Amino acid sequence: MPPQAALIVGASKGLGLALVKKYASEIGASNVYATIRGYLDGNSKGDTGSPFPEGVHVIEDIDVSEEDVGSKIVEGLQGAAIGLVVYVSGILKPEEMGKANWKDEVAMYTICAIAPVFVVQSLLMSSSLAPDAKIILLTSEAGSITLRTEGEGGGMYGHHGSKAAGNMVGHLLSYDLKERGISIAMIHPGFLKTGMTKDAGMEEFYDKMGAVTPDEAAVPFYEFAEKLNMDMSGKFWAPMGARGIGNAEEVLGKEWTKQPGPLELPW
Ligand SMILES: NC(=O)c1ccc[n+]([C@@H]2O[C@H](COP(=O)([O-])OP(=O)(O)OC[C@H]3O[C@@H](n4cnc5c(N)ncnc54)[C@H](OP(=O)(O)O)[C@@H]3O)[C@@H](O)[C@H]2O)c1
């Protein structure tokens, strides 16, 4: 059954925005809460107008790299009980040997692996989660150690490392959430045609690697969230299956890649 209310953290663009639109169409815009880092009116950080369907509750000024992010989100919910939380916020700063960047790494680890703990903790401690709520953390197949290969090589220390750390904290949170009947899954959403991949110079791989638009990815995401249950909790999933996972065939074998999603990914 779809959630009565959904919270999308990191909803300004890309997959987060697509999920806001998808859930607004499925459960009604007034049941969707969307956080953005900036402001809709353009007063502070340059945004103009609203990309969101009318009626969506937009919670402004939510920077997940700030320590009080959890309490600010709870305040923005104004007492609503959330049945689905999707933590989307992420950044990708490529690195290579000789050009590792301390500040970028701190930002990536903070956003991907530290903030989710504090967001979930605040939601839980403030009773902002509905009974049997579901939580989904957007990590990435990039955070799978098993899926990294010699051919692909090194580099990407902060991005891949922070996604692996995000998988770990989600797994640990699953034990804390279990007794309350709340499930949590970490997912790879597919290879997405968004600013994140474009800015990282990955546009040239879109066709070869089966990249999809955020709107396309929102469909298997929604179906996955519907299926998510306590048996699937604490694990790492690919709602679209192997599509968009570059090393899947080499590492996991051809048979594995033929299966439809959702597929459980190796850590
Ligand atoms: N794109 C892919 O192929 C791919 C693959 C695997 C996993 N993922 C993961 O899926 C998620 C969505 O990716 P995407 O492609 O949709 O990326 P995107 O278009 O770049 O969107 C990223 C979102 O994160 C928000 N964000 C960044 N830093 C933030 C901060 N400090 N505080 C709050 N929000 C912040 C951005 O808000 P602003 O507009 O304020 O910057 C934006 O809403 C990410 O976690 C990404 O790592 C993506």
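Here the structure is a predicted model, which is why all the values come from computation and not from measurement.

K.L.:
Can you help me understand the site of the ligand in this one?
P.N.:
Surrounding the ligand, one finds 29 residues, the nearest of these being Gly14, Arg37, Gly90, Leu192 and Thr194. Mapped onto the shell around the ligand, the elements with two or more residues apiece are α1 (14-27) and α5 (195-199).

K.L.:
Got a minute to help me understand the nonpolar core in this structure?
P.N.:
Nonpolar side chains in soluble globular proteins tend to be buried together. Core analysis: the biggest nonpolar cluster contains 71 residues, and Ile8, Leu19, Val20, Ala34 and Val86 have the highest contact counts within it. Counting residues per element, this core draws most heavily on helix α3 (residues 102-125), which supplies eight residues. Beyond its immediate stretch of four places on either side in the chain, valine 20 contacts Ile8, Ala11, Val32, Ala34, Phe52 and Val56.

K.L.:
What is the right way to look at the packing of helix α2 (residues 69-77) against α3 in this model?
P.N.:
Helix packing geometry: the angle between the two helix axes and the distance between the axes. Relative to each other, α2 and α3 sit at 40°, their axes nearing to 8 Å. As far as their axial angle goes, α3 and α2 are oblique. You can see that α2 and α3 cross each other, and the crossing is right-handed. Between α2 and α3, the contacting residues are Val69, Gly70, Ser71, Ile73 and Val74 on the first element and Ala115, Phe118, Val119, Gln121, Ser122 and Leu123 on the second. Looking at side-chain class alone, the contact of α2 with α3 contains seven nonpolar, four polar and no charged residues.

K.L.:
Quick question: what am I supposed to make of the pairing of strand β2 (residues 32-35) here?
P.N.:
Successive side chains on a regular strand alternate, one facing one side of the sheet and the next facing the other. With burial as the criterion, each face of β2 is covered, one bearing Val32 and Ala34 and the other bearing Tyr33 and Thr35. After leaving strand β1 (residues 6-9), the chain enters α1 and then returns to the sheet as β2, a path that is right-handed. Across three bridges, the pairing between β2 and strand β3 (residues 57-59) is parallel. What sits directly across from tyrosine 33, in β3, is histidine 57.

K.L.:
How do you make sense of the packing of α3 against helix α4 (residues 157-178) when you look at a structure like this?
P.N.:
It is the contact of α3 with α4, at a shortest axis distance of 8 Å, that shows an interaxial angle of 15°. Taken together, the axis directions place α3 and α4 in an arrangement best described as roughly parallel. Once α3 is placed against α4, the crossing between them reads as right-handed. Touching Asp104, Glu105, Met108, Tyr109, Cys112, Ala113, Pro116, Val117 and Val120 of α3 are Tyr157, Gly158, His159, Ser162, Lys163, Ala165, Gly166, Val169, Gly170 and Leu173, all from α4.

Rules behind the numbers
- Residues numbered from 1 in each chain as written.
- Predicted model: local features only at pLDDT ≥ 70, side-chain atom pairs only at ≥ 80, totals over all residues.
- Near = placed C-beta within 6 Å.
- Helix = DSSP H or I, 4+ residues; strand = E, 2+ residues; numbered from the N terminus.
- Core = buried A, V, L, I, M, F, W, Y, C linked by C-beta atoms within 7 Å.
- Buried ≥ 20, exposed ≤ 12 C-beta atoms within 10 Å, placed from the backbone.
- Contact = placed C-beta atoms within 7 Å.
- Axes fitted to C-alpha atoms, helices over the stretch in contact; angles between N-to-C directions.
- Parallel < 35°, antiparallel > 145°, perpendicular 65-115°, else oblique.
- Left-handed = near helix turned anticlockwise from the far one by under 90°.
- Nonpolar A, V, L, I, M, F, W, Y, C, P; charged D, E, K, R; others polar.
- Right-handed = clockwise from strand over helix to strand, strands pointing away.
- Pairing = 2+ DSSP bridges.

All quantities given are derived from atomic positions and should not be read as evidence of function.
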